[in-house]
Each structure stands twice: as structure tokens, then as C-alpha cells.
Amino acid sequence: MRKPYKIVKMKSGEELIAGVTRTRDGKYKLHRPMVFKTMVSQDMFGGMKEIFMLKNWLILSTDKHTVIPQDAVNTLLEPNKDVTFLYESELKKEDKSRYRDWE
């Protein structure tokens, strides 16, 4: 089954992953958007390796979704299996963390 996630390449240069739907007025509704963060690390042989992490794009808000104008987006892409797995794993971690905050 295909997941409704999209990689959203913003005109600002940010790259997000989220559940994406269109509103009636042509805007994009992003559900639980996360921004990709890239870190470069050196391996034991001196080679450079990129590490991708995800961070909640709405971390300073209690909102789980936001609406953005269509003209703020360069393109929407289908995520590969690895990115989908990373995103779903981060969502699960975030859900567990929020639940613990209420205990």
C-alpha cells in the first residue's frame, strides 16, 4: 500500500517530509511535517559520510499540521522505502515521548 507521504522541497531550501493533501483553494496541508537535517561525519578510514536526521518542523507548536501556499513549494517527490521507514520511526518516537510527558 502506498503511503500518502511526500518529500516537499521548499523554495526556502528546506526539505520536508509529511502527509500532504490539497485544500480546496489549492494550498498544501502538511500533516506532521519533519525537516531533514544533514550532518557530515568522517568514518574510521577518513571517508566522508552523510547522515540524515529528521526534526519536527512544528516543534515549538502544539499543532500537528499546517497549511502552506502552493507558491512556497518547488516540487513534491515520492519518498523511497528508507526515508519512509525513517519518517515512520521518528513519528513513533515522538508519539512515545509525548505520551511519557503526560505520565
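If you're wondering where the values come from, they're calculated on a predicted model, not measured in any experiment.

Here we look at the nonpolar core
Counting residues in each nonpolar core, the largest one holds 10 residues, listed as Val8, Met10, Leu16, Ala18, Val20, Tyr28, Leu30, Val35, Ile68 and Val73. For this core, the secondary-structure elements that each account for two or more residues are β1 (5-10), β2 (15-22) and β3 (28-42). With sequence-adjacent residues up to four places away left out, methionine 10 is seen in contact with Leu16, Trp57, Ile68, Ala72, Val73 and Asn74. By size, the runner-up hydrophobic cluster in this structure holds 9 residues, among which are Tyr5, Met34, Val83 and Leu91.

Side note on the side chain of asparagine 56
Within the secondary structure, asparagine 56 sits in strand β4 (residues 48-56). Judged by relative accessible area, which is 12%, asparagine 56 ranks as buried. A polar atom in the side chain of asparagine 56 sits 2.6 Å from the backbone nitrogen of leucine 58. Looking at asparagine 56, its side chain comes within polar contact range of the side chain of glutamate 94, at 3.0 Å.

Let's talk about the packing of aromatic side chains
As enumerated under the stated definition, the model contains 1 aromatic pair in all. Both rings, one in tyrosine 5 and one in tyrosine 87, keep their centres 4.8 Å apart while their planes meet at 75°; by these two values the pair is edge-to-face. Of this pair, tyrosine 5 sits in strand β1 while tyrosine 87 sits in helix α1 (residues 81-102); the two residues are 82 residues apart in sequence, bridging distant segments of the chain.

A short note on the pairing of β1
Moving residue by residue along a regular strand, the side chains alternate between the two faces of the sheet. Within β1, 5 of the 6 residues are buried, which leaves the element mostly enclosed by the surrounding structure. As defined by bridge partners, β1 adjoins β2 across 5 bridges and the pair is classed as antiparallel. Bridging from a neighbouring strand, isoleucine 7 pairs with isoleucine 17 of β2. If you look at the hairpin formed by β1 and β2, you'll find 4 residues sitting between the two strands, and glycine 13 has a positive phi there, around 105°.

Examining the environment of leucine 77
Here leucine 77 lies in strand β6 (residues 73-77). Residue classification places leucine 77 among the partly exposed positions, given a relative accessible area of 34%. When the C-alpha atoms of leucine 77 and isoleucine 7 are compared, they prove to be 4.9 Å apart, with 70 residues separating the residues in sequence. With sequence-adjacent residues up to four places away left out, leucine 77 is seen in contact with Lys6, Ile7 and Lys9.

Cut-off values and rules
Residues numbered from 1 in each chain as written. Predicted model: local features only at pLDDT ≥ 70, side-chain atom pairs only at ≥ 80, totals over all residues. Heavy atoms only, no water. Core = buried A, V, L, I, M, F, W, Y, C linked by side-chain atoms within 4.5 Å. Buried < 20%, exposed > 50% of the residue type's maximum accessible area, 1.4 Å probe, protein only. Helix = DSSP H or I, 4+ residues; strand = E, 2+ residues; numbered from the N terminus. Contact = heavy atoms within 4.5 Å. Polar contact = N/O pair within 3.5 Å; in protein donor to acceptor, adjacent residues only side chain to side chain. Phe/Tyr/Trp six-rings, centres within 6.5 Å; stacked < 30°, edge-to-face > 60°. Pairing = 2+ DSSP bridges.

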